[in-house]
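Residues per chain, in single letters:
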Amino acid sequence: KKNTAGGAKTIAHVNNDNYATTSTEGTTVVMDAKSHTTGNTIIVFVYGADGGYQKASPTVSSITDTASNTYTKITSISEEYNRTREMWYATNITGNASNVISVVWSSATVALKTALSMEFSGLGTGAVDVYEEANGTGTESSVSVTNTTAVTACMVGTDNTQSVGSASAGSGYTLSTSAGYSTTGEFKVTSSTGTQVGTISGFTSGDWYTIQACLK
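The text that follows walks through the structure, step by step, so that each part is easy to find. (Residues numbered from 1 in each chain as written. Predicted model: local features only at pLDDT ≥ 70, side-chain atom pairs only at ≥ 80, totals over all residues. Heavy atoms only, no water.)

Of the regular secondary structure elements, the protein holds 0 helices and 16 strands. On C-alpha atoms alone, the protein measures out to a radius of gyration of 16 Å, which is about the 17 Å that the 2.2 N^0.38 rule sets for 216 residues. The C-alpha extent of the protein, read off along each of the three principal axes, is 50 × 40 × 30 Å. The 216 residues of the protein split such that 51% are buried. (Helix = DSSP H or I, 4+ residues; strand = E, 2+ residues; numbered from the N terminus. Rg over C-alpha atoms; globule rule 2.2 N^0.38 Å. Buried < 20%, exposed > 50% of the residue type's maximum accessible area, 1.4 Å probe, protein only.)

Structure follows, in structure tokens:
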């Protein structure tokens, strides 16, 4: 996916990340209240596992918050049966000093539900430039995003694994300040176009699923 490149920007991560999880069956996971600033961008990565091995993979019906911001899905990655990871974003948001993000899933039998959010300033009405998903097995995830078009852009990578030991960000990236068991995020601000490679290491060996997006 590509969009027209914008002008020069000064992009920064806001130290305001958030993480929530629940293992109770139901449709919704609710994040703690955070103070979000008008004009910023929020990235939300979610993971859901529907109860029962051979059920269809669940999908997110909606993401909302108390500031009435609009969240748009970037992409998703699912296993063969009942587990799904999705990345969403809201750009040029309306701020709220006590903003609560709620993720609603498509099935009331979704058991394990997690949500990880990150906030960035400087993107304004930023759009998704390109994104990529990948999956594999081992102690390190890796995904390459090619043909980025904006010199100054924000790369956001998220990962869900069977188990995280002590996660480490890839070269040039910084880990999210709020990450949960098996769900990790990383980010960096770029200074060139081309291919960006995001890795997260430190897993207990097992299956991993990763999404990386370039926002400009």
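Here the narrative resumes, following the displayed structure.
To continue, consider the pattern of salt bridges. The tally for this structure, following the rule as stated, stands at 1 salt bridge. As a salt-bridge pair, aspartate 129 and lysine 216 come within 3.6 Å of each other at their nearest N and O atoms. Here the residue aspartate 129 occupies a position in strand β11 (residues 128-148), and lysine 216 occupies one in the segment after β16 (194-215), the gap between them amounting to 87 residues. (Salt bridge = Lys/Arg side-chain N within 4 Å of Asp/Glu carboxyl O.)

The residue isoleucine 42 is located in strand β4 (residues 41-50) in this model. Spatially, the C-alpha atoms of isoleucine 42 and tyrosine 71 are 8.7 Å apart, while their sequence positions differ by 29 residues.

So, on to the side chain of threonine 199. Turning to its location among the elements, threonine 199 is positioned in strand β16. Leave out the neighbours within four places in its chain, and threonine 199 touches Glu140, Ser141, Ser142, Ser168, Ala169, Gly170, Ser171 and Glu186. (Contact = heavy atoms within 4.5 Å.)

Read from one edge of the open sheet, 5 strands run β1-β10-β4-β7-β6, paired in antiparallel fashion. Single-partner strands in this sheet number two, and they are β1 (12-22) and β6 (72-78). Taken pair by pair, the neighbouring strands of this sheet meet at an average axis angle of 15 degrees, ignoring direction. Of the pairings in the sheet, the one linking β4 to strand β7 (residues 83-90) comprises 8 bridges and is antiparallel in character. Bridge pairing in β7 links valine 46 to glutamate 86. (Pairing = 2+ DSSP bridges. Axes fitted to C-alpha atoms, helices over the stretch in contact; angles between N-to-C directions.)

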